[in-house]
Amino acid sequence: MILTAENYHSIEANKAYMSVSQLKAFDECEAAAIAQVNGLYRNTKTTSLLVGGYVDAFFAGELEQYKEENPEIFCKNGTLRAEYKKADLIIERIQSDDYFYSFMVGGEIQPIMTGTIAGVEFKIKIDFLHDDKIVDLKIMKDFAPIYLPNRGRVNFIEAWHYDLQGAIYQEIVRQNIGKRLPFYINAATKEDETDLANIPVPQEVLDFELESAIERIPYYHAVKTGVFEPERCGVCNYCKRTKKLTGSVTWDSLCNNDFSKDVEER
Ligand SMILES: [Zn+2]
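Remember, it's a predicted structure, so these values are computed and weren't measured experimentally. (Residues numbered from 1 in each chain as written. Predicted model: local features only at pLDDT ≥ 70, side-chain atom pairs only at ≥ 80, totals over all residues. Heavy atoms only, no water.)

K.L.:
I'd like a rundown of a negative patch on the surface, residues and numbers included.
P.N.:
Side chains of Glu6, Glu62, Glu64, Glu68 and Glu69 sit close together on the surface and give a patch of like negative charge. Its place among the elements puts Glu62 in the loop between α4 (47–59) and α5 (63–69). (Patch = residues over 30% accessible without salt bridge, like charges linked within 9 Å, V, L, I, M, F, W, Y side chains within 5 Å. Areas by Shrake-Rupley, 256 points an atom, 1.4 Å probe, with all protein chains shown as cover. Salt bridge = Lys/Arg side-chain N within 4 Å of Asp/Glu carboxyl O. Lys, Arg positive; Asp, Glu negative; His and termini not counted. Charge placed at Lys NZ, Arg CZ, Asp CG, Glu CD. Helix = DSSP H or I, 4+ residues; strand = E, 2+ residues; numbered from the N terminus.)

Pasting the structure below:
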């Protein structure tokens, strides 16, 4: 299948290719990931995701199309909702900083590429591809470290798996152009006063993420192609929506975060 901007997010394309967002979905919940691939479930569009998408669309020259496809960004009287007025201010701030903005101009915008990782076909769409670097734009709440129960304090790039994204992008670009390019995050915040940062993701971090992804990808592909049954995480929105009670839960289990899983296994 030949990928285009129009069919990139189609069910057909998602079935034919693995992507970074699929990989992240599988990491979170296999059952939800499979339902998303098959078009049976969509993560709800959060305002946070929509604001990021709005800014991305602006720099891709696709803002008008974005507005048409996402009417929820407007108030009933036709004006932009407050969050998107803020997005317009973030865009202005981004364009006002020469160093930051230089990472976003002069390259290819949203090129689509495909390649193979661990024997599985991947698709990527890069925010900004230059001759000497790969750049992804992120609109964050702020740059504060994030506490993850299983990992402790991590920076926002690790917390949101942007390092995994960089690793996959770098490898697919390498397969297409024959050299490995550094991966940068260009990040802006939605704080009252927008903060800006440009962060090169260390190569050893990208190497680690690629190696660990290579270990998981063949299994996820096998789940995707029906060789293995997807496991339910038991706690995500998809699992809640599709949960069928088979009995009651005990009083004591209410102190255990995993009680929904216990119900299914009973
Ligand atoms: Zn789940």
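K.L.:
Tell me what's going on with a nonpolar patch on the surface, and back it up with residues and numbers.
P.N.:
Among the surface-exposed residues, Tyr219, Val227 and Phe228 lie close enough to one another that they form a single nonpolar patch of about 280 Å² accessible area. Mapping Val227 onto the fold places it in the loop between α10 (203–224) and α11 (237–241). Here Val227 falls in the exposed class, since its relative accessible area comes to 57%. (Buried < 20%, exposed > 50% of the residue type's maximum accessible area, 1.4 Å probe, protein only.)

K.L.:
Describe the environment of Ile217, naming the residues involved and giving the relevant values.
P.N.:
Following the sequence through the fold, Ile217 ends up in helix α10. Overall, the relative accessible area of 0% leaves Ile217 in the buried class. Each C-alpha atom of the pair Ile217 and Met18 lies 8.8 Å from the other, and the pair is 199 residues apart in sequence.

K.L.:
Describe the pairing of strand β5 (residues 134–140), listing the residues and the values that go with them.
P.N.:
Within β5, seven of the seven residues are buried, which leaves it mostly tucked inside the rest of the structure. With burial as the criterion, each face of β5 is covered, one bearing Ile134, Asp136, Lys138 and Met140 and the other bearing Val135, Leu137 and Ile139. The pairing of strand β4 (residues 128–129) with β5 spans two bridges and is antiparallel. Looking across to β5, one finds that Phe128 is bridged to Val135. What sits between the antiparallel neighbours β4 and β5 is a turn of four residues. (Pairing = 2+ DSSP bridges.)

Any functional reading would require information that these geometric values do not contain.
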